[in-house]
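A look at the structure
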Amino acid sequence: MWQSDAELFLEELIRLEGRGSHTQDTCFCGSDEPSLYRCKDCHGVELVCRQCVLYTHQWQPCHRIEHWNGSFFQKISLKSLGLRIQLGHRIGLRCNKPTPASNDDFVIVDVNGVHAVGLDFCGCQTAQVHVTQLLQVHLFPATTVKPKTTATFRALEHFQILSFKSKVSAFEFYQTVVRLTDNTGIHITKACFFYSCLLDNY
Ligand SMILES: [Zn+2]
Ligand SMILES: [Zn+2]
Ligand SMILES: [Zn+2]
């Protein structure tokens, strides 16, 4: 039974490497933009246009996006597509005085990888301090002084239970997340060793 089905599984896995049935250039939104983007973390493999991938990921800024380059799917960051995470305001609303993290260099460690994101703190007169703004959206800063690296509460909870059940160290957990980001191990982010120290103390 299993052996006779092997070909079926293989065919579908190979199909997922390409555009599969989603060969239409038009997005479901009806825009003229080509639909070249899909998400590894959202349900389904439908290709959408740039505007739609940005709109749907305002709520999921740590999802991993792929771009069809004409021959194969390539990783592409939501930051490079123009996504900004605005703190201190409701999702979808922009601050009148957005303050980017210094050098616009901000990293979020999540269970599915290490993400370079475009993040703006609120700069309004009534704005909270940066650490508070981060904690209010479930981001745990690695430092309280000009934070540029955070972990999601989800990643910390995942690590906590994993360490209880499997004795995984902070370093091993972090290396796993790094490998999920880039399994060649070439592009190690600088958040790496710093954050594994923080997880050790969590
Ligand atoms: Zn997604
Ligand atoms: Zn669209
Ligand atoms: Zn503001």
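This structure is a prediction, so every number in the text was calculated from the model and none was measured.

A word on the coordination of the zinc ion (ligand 1)
- At the metal site, the zinc ion (ligand 1) is ligated by Cys39 (SG), Cys42 (SG), His57 (NE2) and His63 (ND1), and these contacts range over 2.0 to 2.3 Å.
- Geometry at the zinc ion (ligand 1) is tetrahedral, judged from the four donor atoms that bind it and their angles of 106 to 116° at the metal.
- In primary sequence terms, the donor set of the zinc ion (ligand 1) follows C-x2-C-x14-H-x5-H. With Cys39 in strand β1 (residues 37-39) and His63 in the loop between α2 (50-56) and β2 (65-68), the pair connects residues that are 24 residues apart, well separated along the chain.
- Residue class for Cys39 comes out buried when judged on its relative accessible area of 10%.

Focus: the pairing of β2
- Burial of the side chains of β2 extends over both faces: Ile65 and His67 are buried on one face and Glu66 and Trp68 on the other.
- Judged from the three bridges that link them, β1 and β2 form a sheet pairing that is antiparallel. When the bridges of β2 are listed, Cys39 appears paired with Ile65.
- Both β2 and strand β3 (residues 73-76) contribute to a ladder of four bridges, which runs antiparallel. Paired with Ile65 across the two strands is Ile76, which belongs to β3.
- What sits between the antiparallel neighbours β2 and β3 is a turn of four residues, in which Gly70 has the positive phi angle 110°.

Topic: the sheet that holds β3
- With antiparallel pairing, the three strands of this open sheet are ordered in space as β1-β2-β3. With one partner strand each, in any of the chains shown, β1 and β3 form the two edges of the open sheet. Neighbouring strand axes in the sheet, compared pairwise and without regard to direction, differ in orientation by 35° on average.

So, helix α6 (residues 170-181)
- With twelve residues, α6 extends 17 Å between its outermost C-alpha atoms, agreeing within 8% with the 16 Å of an ideal straight helix rising 1.5 Å per residue.
- By the burial criterion, the buried members of α6 are Ala170, Phe173, Tyr174, Val177 and Val178. What you see down the axis of α6 is that its buried residues fit within an arc of 140°, all on one side.

Some details on the pairing of strand β7 (residues 113-121)
- Within β7, eight of the nine residues are buried, leaving the element largely enclosed by the surrounding structure.
- Bridge count for strand β4 (residues 84-86) against β7 is three bridges, and the pairing is parallel. Paired with Arg84 across the strands is Gly118, a residue of β7.
- Bridge count between strand β5 (residues 99-100) and β7: two bridges; the pairing is antiparallel. Bridging from a neighbouring strand, Thr99 pairs with Phe121 of β7.
- As defined by bridge partners, strand β6 (residues 106-110) adjoins β7 across five bridges and the pair is classed as antiparallel. In the strand pairing of β7, Phe106 is matched with Val117.

What counts as what
- Starting from 1, residues in each chain are numbered consecutively following that chain's sequence as written.
- Going through the entries in the order they are written, you letter the chains from A and number the ligands from 1.
- It should be noted that, the model being predicted, local features are given only for residues of pLDDT at least 70 and side-chain atom pairs only at 80 or more, the latter also being counted only at that level, while totals for whole chains, interfaces and linings use all residues.
- Where side-chain values are given, they derive from all heavy atoms of the structure, hydrogens and water being excluded.
- Coordinating donors are taken as N, O and S atoms within 2.8 Å of the metal, stretched to 3.2 Å for Na, K and Ca; because water is absent from the atoms, sites can appear incomplete.
- Under the classification used here, a metal with four donors is tetrahedral if each angle lies between 85 and 135 degrees, square planar if opposite donors are over 155 degrees apart and the others between 65 and 115, a six-donor metal meeting that same test is octahedral, and anything else is irregular.
- Segments assigned H or I by DSSP are reported as helices when at least four residues long, segments assigned E as strands when at least two residues long, and all are numbered from the N terminus.
- Only protein chains enter the accessibility calculation, which uses a 1.4 Å probe; a residue whose area is less than 20% of its type maximum is buried, one above 50% is exposed, and one in between is partly exposed.
- Criterion used throughout: strands pair if DSSP finds at least two bridges between them.
- To obtain each axis, a line is fitted to C-alpha atoms, and for helices this fit is confined to the stretch in contact; angles are then taken between N-to-C directions over 0 to 180 degrees.
- Any helix carries an expected span of 1.5 Å times its number of residues minus one.
- The directions considered for the arc are those from the helix axis to the C-beta atoms.

The analysis is restricted to geometry; functional conclusions fall outside its scope.
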